[in-house]
Amino acid sequence: MTVDSKTAALLERLGAHLVPLVLIRREQLSPRLIELEFSGLVEDLVGKPGNDIMVDIATTNPDKAARRRYSIRSVDATARRLRLWIETTSGGPGSTWAATLPTGSAIRVIGPRGQVSLDMQADWHLFIGDLTFLSAAYAMAEAIEPPGQALFIIEVEDQADVVLPALAEDIAVTFVLVDRDGRSPNDPAGLLAAFAALALPELDGHIYLGGELRVVAALRAAVKDRGLSDDQVHAKSYWRFGVANQPHGEPKKDD
Ligand SMILES: Cc1cc2nc3c(=O)[nH]c(=O)nc-3n(C[C@H](O)[C@H](O)[C@H](O)COP(=O)(O)OP(=O)(O)OC[C@H]3O[C@@H](n4cnc5c(N)ncnc54)[C@H](O)[C@@H]3O)c2cc1C
């Protein structure tokens, strides 16, 4: 595939590939969560569980495409299939794209991307976040080697949105559901309380945080307060309440 020099430089810098895909299926997993399945030569997108892809989304201003990043829910090089799970409440370009892209559409994505992946040395793995984190969290949890332990603390606006993980029988699973109960999505109180109430397993574990920027920051501080070291935590902000993600796909941090 031919790429312009700017894209070639970006791919070089990211160590990523530009891959054409075709949308073959859309499924409403829950009121707010959509699964998209693509076909294509996805072997170049096989990285680590927790990796993501970046997609260019056309906006009403043709000069201003918005880039959005989505965690790879699964990628199967043999079947040539890739799945994404996308939360669709924002009404922004990403969620609109996910909800309306016609099946049969050809797109191009850049990936694999991202620094968050499963810590294979950890004895237990705790995933904390909101619906936008389910894709990465479940992809990582499915890579845990048995016998292992996966714990989840997931906050939802509506319990109808809970999609439970389906892990191998020899993985011990603890799932804590937090009802947002009318709090703002950038209010960390619900997840902080659930984390404080959870007895952490013994031995060495790893904690993965994903979701709204302010919530992730508060959780990161709480994790540190419980004595975990920096190398036992992966934290990634996916979006910021009240502020659209930047054109390159990341939420805007404070100056
Ligand atoms: C590395 C990475 C991986 C990601 N993986 C996933 C993934 O697997 N699945 C997924 O769904 N998202 C994921 N995201 C988030 C995703 O990229 C977009 O931020 C999200 O789809 C919203 O984009 P948008 O264009 O629809 O809205 P934007 O234009 O960014 O925002 C429009 C408005 O909607 C608000 N908003 C944005 N998201 C939400 C929300 N969840 N709830 C309520 N309000 C919101 C914003 O605060 C803003 O006010 C990931 C982000 C990153 C950086």
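Note that residues are indexed from 1 along each chain, following the sequence as it is written. The model is predicted, so local features are restricted to residues of pLDDT at least 70 and side-chain atom pairs to those at 80 or more, both for listing and for counting; the totals for chains, interfaces and linings are taken over all residues. Computation of side-chain values: all heavy atoms of the structure, hydrogens and water removed.

**As for the overall build of the protein**
No. 1: Every helix listed is a DSSP run of H or I at least four residues long, and every strand listed is a run of E at least two residues long, numbered separately from the N terminus. The helix and strand inventory of the protein stands at 5 helices and 11 strands.
No. 2: Here the radius of gyration uses the C-alpha set of atoms, whereas the globule reference equals 2.2 Å times the residue count to the power 0.38. For the protein, whose C-alpha radius of gyration is 18 Å, the value lies close to the compact-globule estimate of 18 Å for 255 residues.
No. 3: Based on the C-alpha atoms only, the size of the protein along its principal axes is roughly 50 × 40 × 35 Å.
No. 4: A 1.4 Å probe rolled over the protein chains alone gives each residue an accessible area, and that area as a share of the maximum for its type sets the label: buried under 20%, exposed over 50%, partly exposed in between. Relative to its full complement of 255 residues, the protein shows a buried share of 46%.

**Digging into the domain arrangement of the protein**
No. 1: What the domain assignment reports for the protein is domain 1 (5–113) and domain 2 (124–239).
No. 2: Where each domain starts and ends comes from a domain assignment, either automatic or drawn from a database. Taking only C-alpha atoms, the centre of domain 1 and the centre of domain 2 are 24 Å apart.
No. 3: The criterion used for residue contact is that any of the two residues' heavy atoms lie within 4.5 Å. Counting from both sides, the interface comprises 13 residues of domain 1 and, opposite them, 17 residues of domain 2.
No. 4: Once two parts are brought into contact, the accessible area they lose, counted with a 1.4 Å probe and summed over both, makes up the buried area. Around 1300 Å² of area is buried between domain 1 and domain 2 when both sides are counted, 62% of it from carbon and sulfur atoms.

**Remarks on the site of the ligand**
No. 1: Surrounding the ligand, one finds 27 residues, the nearest of these being R68, R69, S90, G94 and R240.
No. 2: At 2.8 Å, a backbone N or O of E87 approaches an oxygen atom of the ligand.
No. 3: A distance of 2.5 Å is found between an oxygen atom of the ligand and a side-chain nitrogen or oxygen belonging to S90.
No. 4: All accessible-area figures derive from a Shrake-Rupley calculation using a 1.4 Å probe, and residue coverage is judged against the displayed protein chains alone. When the free accessible area of the ligand is taken as 950 Å², the share hidden by the protein chains comes to 90%.
No. 5: Note on residue categories: nonpolar means Ala, Val, Leu, Ile, Met, Phe, Trp, Tyr, Cys or Pro, charged means Asp, Glu, Lys or Arg, and polar means any other residue, Gly included. Of the residues that constitute the shell around the ligand, the class distribution is 9 nonpolar, 12 polar and 6 charged.
No. 6: The two domains that each donate at least three residues to the shell around the ligand are domain 1 (5–113) and domain 2 (124–239). When we say a residue is near a molecule or strand, we mean one of its heavy atoms is within 4 Å of it. Here a polar contact is taken to be a pair of N or O atoms separated by no more than 3.5 Å, where protein atoms must pair a possible hydrogen donor with a possible acceptor and residues adjacent in sequence count only if both atoms sit in side chains.

**A word on the environment of S90**
No. 1: Here S90 shows up in the loop between β5 (81–87) and α2 (93–100).
No. 2: For S90 and T7, which are 83 residues apart along the polypeptide, the C-alpha to C-alpha distance reads 28 Å.

**Brief notes about the pairing of strand β4 (residues 66–76)**
In summary, the side chains of a regular strand alternate between the two faces of the sheet.
No. 1: Relative to β4, strand β3 (residues 52–57) runs antiparallel, the two being bridged by 6 bridges. Within β4, the position partnered with V55 by the bridge is R68.
No. 2: Joining the antiparallel neighbours β4 and β5 is a turn of 4 residues, in which R80 adopts a positive phi near 55°. Strand pairing follows a simple DSSP-based rule, namely that at least 2 bridges must link the two strands.

**With respect to the nonpolar core**
No. 1: In this structure, F127, F133, L134, M140, A150, F152 and Y208 are the most contacted members of the largest nonpolar core, which totals 22 residues.
No. 2: Every element with two or more residues in this core is listed here: α3 (134–141) and β8 (148–156).
No. 3: For this core, the leading source of residues is α3, giving 6 residues.
No. 4: Discounting chain neighbours no more than four positions away, the residues touching A150 are H125, F127, I144, L167, I171, A172, V173 and T174.
No. 5: Here the nonpolar core consists of buried residues drawn from Ala, Val, Leu, Ile, Met, Phe, Trp, Tyr and Cys, with membership extended through side-chain atoms lying within 4.5 Å. Grouped together as the second largest cluster of nonpolar side chains are 21 residues, L21, L36, A98 and V109 included.

**Quick notes on the packing of aromatic side chains**
No. 1: When two rings of Phe, Tyr or Trp (its six-membered ring) have centres within 6.5 Å they constitute a pair, described as stacked for plane angles under 30 degrees, edge-to-face for angles over 60, and tilted for the intermediate range. Considering all chains together, one arrives at 8 aromatic pairs under this definition.
No. 2: Both rings, one in F152 and one in F175, keep their centres 5.9 Å apart while their planes meet at 35°; by these two values the pair is tilted. One end of the pair, F152, is in strand β8; the other, F175, is in strand β9 (residues 171–179), with 23 residues separating them in the sequence.
No. 3: Among the residues examined, F152 registers a relative accessible area of 1% and is labelled buried.
No. 4: Of the aromatic side chains, those joined through ring pairs into one cluster are W85, F127, Y138, F152, F175 and Y208.

**Re unusual backbone geometry**
No. 1: For the bond from G111 to P112, the omega torsion is -5°, close enough to zero to count as cis.
No. 2: Within the secondary structure, P112 is located in strand β6 (residues 106–113).
No. 3: With an omega of -10°, the peptide bond running from P146 to P147 counts as cis.
No. 4: Relative to the helices and strands, P147 is located in the loop between α3 and β8.
No. 5: Phi angles above zero are rare outside glycine, and D181 is one such case at about 55°.

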